[in-house]
Amino acid sequence: MRARRPPLPALLSWPGLALAAAVVVSYRIAGGDLGALLAPGARRAMADFARGFWPPAHSAAFLSSLARPLAETVAIALLGISLALALAAPLAFLAVSPRVLATPGDPPAAPRRTAWLAARVLLNLMRSVPELVWALVFVRAFGMGPLAGVLAIGVGYAGVLGKVMAEIFESAPRAPAAALSAAGAPPLGAFAFGVLPGSVPLLASYTLYRFDCALRASAVLGLVGAGGLGVQLELSLKMFAYDEVAAMVIALFVLVAGVDLLSQLVRRRIHRSRGLFPLGLGALRARALGLAIWALAAWGAARVLDLSWRDVLSPSALASVGGFAASLWPPDLDPAFLRQLAPAAVVTFAVSVLGTALGALFGLLLAYPAALRLHVLAGGGRPAFARGVTLAAVAWTARGILNLGRTLPELLWALVLIFAVGLGPFAGALALGVHTAGVLGRLYAEALEEVPTAPFAALREAGASDAAASALAVLPQAFPQLVAYTLYRWEVNIRASAVLGVVGAGGLGGLLHVSLSLFHHHRTLTLLLVIVLLVTAVDLLSGALRRRLVEGPSERAEEGPEPAVPAVVDAW
Amino acid sequence: MHLHRLGRLLALVLPLLPLSAAGAEPLRVSAIPDESPTELLRKFEPLGKYLEAAVGRPVKFTPVTDYAATVEGLAAGKLDLVWYGGFTFVQARRRTGTAIPLVQREEDARFHSKIIVPAASKAQRLQDLKGATFAFGSVSSTSGHLMPRYFLLQNGLDPDKDFAKVAYSGAHDVTAKWVEAGKVDAGALNESIWQRLLDEKKIDPTKVRVLWTTPEFHDYSWTVRGDLDPKVVEQLRAAFLALDYANPEHRKILDLQRTKKFIPTAPGNYAAIEQAARAAGLLKD
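Throughout, a residue's number is its position along its own chain's written sequence, starting from 1. All chains are assigned letters beginning at A, and all ligands numbers beginning at 1, according to the order in which they are written. Confidence filtering applies because this is a predicted model: local features only for residues at pLDDT of at least 70, side-chain atom pairs given and counted only at 80 or more, and all residues used for totals across whole chains, interfaces and linings. Only hydrogens and water are set aside when side-chain values are computed; all heavy atoms of the structure are taken into account.

## Things to note about the overall build of chain B
Part 1 of the argument: Secondary structure assignment for chain B yields 11 helices and 11 strands.
Part 2 of the argument: C-alpha atoms define the radius of gyration in this analysis, and the globule rule sets the expected value at 2.2 Å times the number of residues to the power 0.38. Since a compact globule built from 285 residues should have a radius of gyration of about 19 Å, the 19 Å found for chain B is in line with a globular shape.
Part 3 of the argument: Taking the principal axes of its C-alpha atoms as reference, chain B extends roughly 65 × 45 × 25 Å.
Part 4 of the argument: Accessible area is worked out with a 1.4 Å probe on protein chains only. A residue is then buried under 20% of its type maximum, exposed over 50%, and partly exposed in between. Across the 285 residues in chain B, those meeting the buried criterion constitute 53%.
Part 5 of the argument: Expressed as a percentage of contacts within chain B between residues at least 6 apart in sequence, the contacts between residues at least 24 apart total 78%.
Part 6 of the argument: Using a 1.4 Å probe, the Shrake-Rupley method yields the accessible areas, and only the shown protein chains count as cover for residues. Of the accessible surface of chain B, which amounts to about 11900 Å², a share of 55% is contributed by carbon and sulfur atoms.
Part 7 of the argument: We count Lys and Arg on the positive side and Asp and Glu on the negative side, and we leave His and both chain ends out. To locate a charge, take atom NZ for lysine, CZ for arginine, CG for aspartate or CD for glutamate. In chain B, which carries 38 positive and 33 negative side-chain charges, the distance between the mean positions of the two groups comes to 2 Å. Note on conventions: DSSP H or I runs of at least 4 residues are helices, E runs of at least 2 residues are strands, and numbering of each starts at the N terminus. Contact criterion: two residues are considered in contact whenever any of their non-hydrogen atoms come within 4.5 Å of each other.

## Quick word on the sheet that holds strand E7 (residues 165-168) of chain B
Residue and element names in this part refer to chain B.
Part 1 of the argument: Paired strands, in this sense, are two strands between which DSSP finds at least two bridges. Strand order across the open sheet formed by 5 strands is E7-E6-E8-E5-E9, with mixed pairing between neighbours. This sheet does not close on itself; its edge strands, each paired only once, are E7 and strand E9 (208-213). Averaged over neighbouring strand pairs, the angle between their axes works out to 30 degrees when direction is ignored.
Part 2 of the argument: Axis definition: a line fitted to C-alpha atoms, over the contacting stretch in the case of helices. Angles run 0 to 180 degrees between N-to-C directions. Where helix H5 (residues 142-154) meets the sheet, its contacts fall on strand E5 (113-118), strand E6 (133-136), E7, strand E8 (186-190) and E9, and the angle it forms with E6 comes to roughly 130 degrees.
Part 3 of the argument: Most of the contacts of helix H7 (residues 172-180) go to E8, to which it runs at about 150 degrees, and overall it touches E5, E6, E7, E8 and E9.

## Describing the interface of chain A and chain B
Part 1 of the argument: Chain A puts 27 residues into the contact, and the matching count from chain B is 32 residues.
Part 2 of the argument: Two parts lose some accessible area (1.4 Å probe) when they are put together, and adding that loss for both gives the buried area. Taken over both partners, the interface formed by chain A and chain B buries close to 2600 Å², and the fraction arising from carbon and sulfur atoms is 68%.
Part 3 of the argument: When a carboxyl oxygen of Asp or Glu is within 4 Å of a side-chain nitrogen of Lys or Arg, the pair counts as a salt bridge. Our count for the contact surface shared by chain A and chain B stands at 0 salt bridges.
Part 4 of the argument: The term polar contact refers here to a pair of N or O atoms within 3.5 Å; inside protein, the definition further demands a hydrogen-donor-capable atom paired with an acceptor-capable atom, and it admits residues adjacent in sequence only when both atoms are side-chain atoms. In this assembly, chain A and chain B are joined by 3 residue pairs in polar contact (both at pLDDT 80 or more).
Part 5 of the argument: When residues of the side of chain A that touches chain B are traced back to their parent elements, those giving at least two are helix H8 (131-142), helix H12 (229-238), helix H20 (410-421) and helix H24 (508-517) of chain A.
Part 6 of the argument: Classification used: nonpolar for Ala, Val, Leu, Ile, Met, Phe, Trp, Tyr, Cys and Pro, charged for Asp, Glu, Lys and Arg, polar for all others including Gly. Broken down by class, the residue content of the side of chain A that touches chain B amounts to 15 nonpolar, 8 polar and 4 charged.

## Focus: unusual backbone geometry
Part 1 of the argument: Residues A:Trp329 and A:Pro330 are joined by a peptide bond in cis, for which omega reads -5 degrees.
Part 2 of the argument: Here A:Pro330 lies in the loop between helix H16 (315-328) and helix H17 (335-370).

## Remarks on a nonpolar patch on the surface
Part 1 of the argument: Patches were defined on residues exceeding 30% relative accessible area and lacking a salt bridge, with like-charge contacts within 9 Å and nonpolar side-chain contacts (Val, Leu, Ile, Met, Phe, Trp, Tyr) within 5 Å. Residues A:Val25, A:Ile29 and A:Val346 make up a contiguous nonpolar surface patch of about 220 Å² in total accessible area.
Part 2 of the argument: Mapped onto the elements of the fold, A:Ile29 is located in helix H2 (residues 14-29).

## Some details on the side chain of A:Glu72
Part 1 of the argument: In this structure, A:Glu72 sits in helix H5 (residues 60-95).
Part 2 of the argument: Among all residues touching A:Glu72, those that are not within four sequence positions of it are A:Gly227, A:Gly228 and A:Leu305.

## Structural notes on the packing of H5(B) against helix H11 (residues 271-279) of chain B
Residue and element names in this part refer to chain B.
Part 1 of the argument: Following both chains from N to C, one finds H5 and H11 inclined at 65 degrees, their axes separated by 9 Å at the closest point. Between H5 and H11, the angle falls in the class roughly perpendicular. Seen from above, H5 lies across H11 with left-handed handedness. Side by side, H5 and H11 meet where Thr 142, Leu 146, Met 147, Tyr 150 and Leu 153 of the first sit next to Ile 273, Ala 276, Ala 277 and Ala 279 of the second.
Part 2 of the argument: Classifying every residue of the contact of H5 with H11 gives 8 nonpolar, 1 polar and no charged. Roughly parallel means an angle under 35 degrees; roughly antiparallel means over 145; roughly perpendicular covers 65 to 115; every other angle is labelled oblique. When the near helix sits turned anticlockwise from the far one by under a right angle, the crossing is termed left-handed; a clockwise turn instead gives a right-handed crossing.

## Some thoughts on the sheet that holds strand E11 (residues 262-264) of chain B
All names here are of chain B.
Part 1 of the argument: Taken together, 6 strands build an open sheet; the order of strands is E2-E1-E3-E10-E4-E11 and the sheet is mixed. Lying at the two open borders of the sheet, with one neighbouring strand each, are strand E2 (59-61) and E11. This sheet shows a mean twist of 25 degrees between the axes of neighbouring strands, independent of strand direction.
Part 2 of the argument: Of the pairings in the sheet, the one linking strand E3 (residues 81-84) to strand E10 (residues 221-224) comprises 4 bridges and is antiparallel in character.

## Details of the pattern of salt bridges
Part 1 of the argument: Per the stated rule, a full pass over the model turns up 24 salt bridges over all chains.
Part 2 of the argument: In this structure, the salt-bridge partner of A:Glu446 is A:Arg442, at a minimum N-O distance of 4.0 Å. Of the two residues, A:Glu446 and A:Arg442 both sit in helix H21 (residues 425-450), 4 residues apart, roughly one turn of that helix.
Part 3 of the argument: Classification of A:Glu446 by relative accessible area gives partly exposed; the value is 31%.
Part 4 of the argument: Judged by its relative accessible area of 28%, A:Arg442 is partly exposed.
Part 5 of the argument: Taken together, the shared-partner salt bridges in this structure form one network comprising B:Arg28, B:Asp80, B:Arg225 and B:Asp227.

## With respect to the packing of helix H22 (residues 454-461) of chain A against helix H23 (residues 466-497) of chain A
Residues and elements named next belong to chain A.
Part 1 of the argument: Across the interface, H22 lies against H23 with an axial gap of 9 Å and an inter-helix angle of 155 degrees. In terms of orientation, H22 lies roughly antiparallel with respect to H23. Crossing hand, H22 versus H23: right-handed. Facing Pro 455, Phe 456, Leu 459 and Arg 460 of H22, the residues of H23 in contact are Asp 466, Ala 469, Ser 470, Leu 472, Ala 473, Val 474 and Gln 477.
Part 2 of the argument: A class-by-class count of the residues in the contact of H22 with H23 yields 7 nonpolar, 2 polar and 2 charged.

## Overview of helix H4 (residues 86-96) of chain B
All names here are of chain B.
Part 1 of the argument: Among the 11 residues that make up H4, 9 are buried, leaving the element largely enclosed by the rest of the structure.
Part 2 of the argument: Taken residue by residue, H4 has Gly 86, Phe 87, Thr 88, Phe 89, Val 90, Gln 91, Ala 92, Arg 94 and Thr 96 as its buried positions.
Part 3 of the argument: Two residues or fewer past H4, Gly 97 is found with a positive phi of approximately 80 degrees.

## What to know about the pairing of E8(B)
All names here are of chain B.
Part 1 of the argument: In terms of burial, E8 is a largely internal element, 5 of the 5 residues being buried.
Part 2 of the argument: Here E8 shows no split at all, with Ala 186, Ala 188 and Asn 190 on one side and Gly 187 and Leu 189 on the other all buried.
Part 3 of the argument: One ladder, built from 4 bridges, connects E5 with E8; its direction is antiparallel. Each residue of the ladder has a partner; that of Ser 113, found in E8, is Asn 190.
Part 4 of the argument: Sheet analysis places E6 next to E8, joined by 2 bridges and oriented parallel. Bridge pairing links Phe 134 to Ala 186 in E8.

## Considering the environment of A:Ala18
Part 1 of the argument: Tracing the sequence through the fold places A:Ala18 in helix H2.
Part 2 of the argument: In sequence terms A:Ala18 and A:Leu545 are 527 residues apart; their C-alpha atoms lie 10.0 Å from each other.

## What to know about the packing of aromatic side chains
Two descriptors summarise a pair of aromatic rings, namely the distance from one centre to the other and the angle between the planes of the rings.
Part 1 of the argument: Aromatic pairing here means that ring centres of Phe, Tyr or Trp (its six-membered ring) are within 6.5 Å. Orientation follows from the plane angle: under 30 degrees is stacked, over 60 is edge-to-face, and everything else is tilted. Within this structure, the stated rule accounts for 21 aromatic pairs over all chains.
Part 2 of the argument: Site record: aromatic cluster; members linked through ring pairs are B:Phe44, B:Phe61, B:Trp83, B:Phe111, B:Tyr150, B:Phe151, B:Phe217, B:Tyr220, B:Trp222, B:Phe240 and B:Phe262.
Part 3 of the argument: Over the face of the ring belonging to A:Tyr157 we find A:Arg210, whose NZ or CZ atom lies 4.9 Å from the ring centre.
Part 4 of the argument: The ring of B:Tyr245 is capped by B:Lys260, whose NZ or CZ atom sits 5.1 Å from the centre of that ring. Here, a charge over a ring means that NZ of Lys or CZ of Arg falls within 6 Å of the ring centre while also lying within 35 degrees of the ring normal.

## Quick word on the pairing of E6(B)
Part 1 of the argument: In this structure, E6(B) lies alongside E7(B), joined through 4 bridges in parallel fashion. Across the sheet, the residue bridging to B:Phe134 is B:Val166, located in E7(B).

Quick look at the structure:
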């Protein structure tokens, strides 16, 4: 599926030039000043900050006080993703293209097409609002506490899950469902027995992957009062208790890495057990066991958070949410306010572009040393032992840096970087860049490792240096995939950049925070609409660029905004 | 306004509902996070014990990180007693229509904010701040945002137009840190926290100086929701007013609250704040 278009012409074509221009303009708009990072004041601030981090707080009392927020963070992620699944499943079923389940020769009925369109629009809407914005809104509607966090992840992730599920259903082989339909099965029956069984493993592994993301998200939801470790993190950051911050970051790092590992193991098992006959007895038993474990864990999570259905569905809860929703309408269209919005939207856009560009740059620089196999090859097959050890050390260091960037969410990086470069969008762009470098670097490294090695070996044989051989024989091959990942990440980053203002990094998030704090609900609605518009515009733009830059877009490339999706799906 | 009517309706109806086991229900207390919530928790501990004895119910303090959450909490009946700033009280009163301010510290009746700048700053008067970057505390803060903004406007400085950049640090001590580190050209914070930061040497006085002090205004209050059992309301009020600085037990409580005594307060005390909020564009109808 990898396109073989050489990189230079693509970068020199109009989308490439437009992107380069956008990065330069964004740098100006975001108040970019890389020199500020090296100014003595910034260096001192960073040094103070780094000194404060070591040694991490490790008193028994403090560490035991972390247990509860950590458990809450996991519980919020687990319940959130369960809720997301429950919301996404019916929507995904409706969002499957009507043609898939239609009886051959019989065009789908109008209501079915309407339901399809409605489900698609709803999923896109849920997906366009960043989960942190959902959290801000739910904290207002349901009050502070973990419930808002669960709902934010539930609704936000349902949008992504639903979209990906629908696409997995659509890409399932059509023959079984068609045969069932031809034999007279109703659409639901044809779906349940013709489409669903084969899709379950892919669904399960994608859901698990999303759980990892939810865990990271749940750790910052506390910053807006939605429970979990984020509450504690914000307190310690505000008190300049960096030793506590360090301890929490390490705890979060270990937790995320642990869950990552566990979910990778499970995903690999799911993949291996994916046989020719998906409904074998063994597979059924494994699925039942998996479901039972999940249900038990969700029940436990609800107990930890002390949540019940009544918190959401009791008449008084519904009345208060209804009251909140009603108070949003109509949006504030006061021209003076709208004039304030335009520059904020531009800043948010610029931060997303600059953050993605910085992330791609640093991600690539770290991906090379992290792609261990490349180095092994560079030594000409089997490396000498000492050289091998050095290379492994370099690779693991690079991976460690990438992991650190990835584990800490943008918002936390922003809180840190504001101290180095001052308030404003540039701190936000840098924070986005650091986190993005972590995410993209890992994906880049994987892509680089998968590149066919013959051209590299040939260039080395011919006497080319390591650097030249990597630049000429590896990068061009991986290029389309790198571009695709980067553009996906941009779609994620526009969502992130829309909320960075909450911590003082400029853009729409700052205005949103002010309007919510002051109960200016009509303005809140206007801001939500602008965020949805901006995010949708970037999604469309990024899709168009991807098609233009990456020749021969695969259908897979449409799956979800997360760059790891194609990796996850393609691997199997 | 609908909310007021709804609030009044609730106030009429709620006392009629059977309050099962009201005696065992804890009194739920919170405070605006104008300082770090762990500090708030520490400050509250002896006061909480004292109130527990006074009302004969367990007292549960929930720290929060968001000013507006305390307003929502009181309006939703999830909190019974809250330490509000002047502006958050006005917001709570507007949301509920019935929230009752019980007491304030004696210094809250004539409170001030400070505008601070780095010691090396060239600014000598407020007007010199034109074109500066400026930090307020939380958006919802009275002494960290509303009143400084209001008095700046009164003195011909519109923060939205005359400052190069306006940022919200989230809390008073953070604002001071930002100014000390030169992250902003100037900032506004509450005088009592400024004094504490100096006393505790959290801020280096050779690096930061006060440029201007605002005129006085009413600030903080301990406020209960309007539909709380009137008997409990009276017990709470009496308990606060009975705190006596001569009594060593009480002194511990009062020292932590950074006052010598609590005095009664009334909604009318905050009318000026409401007007200021309207004038500064923070309140809309």
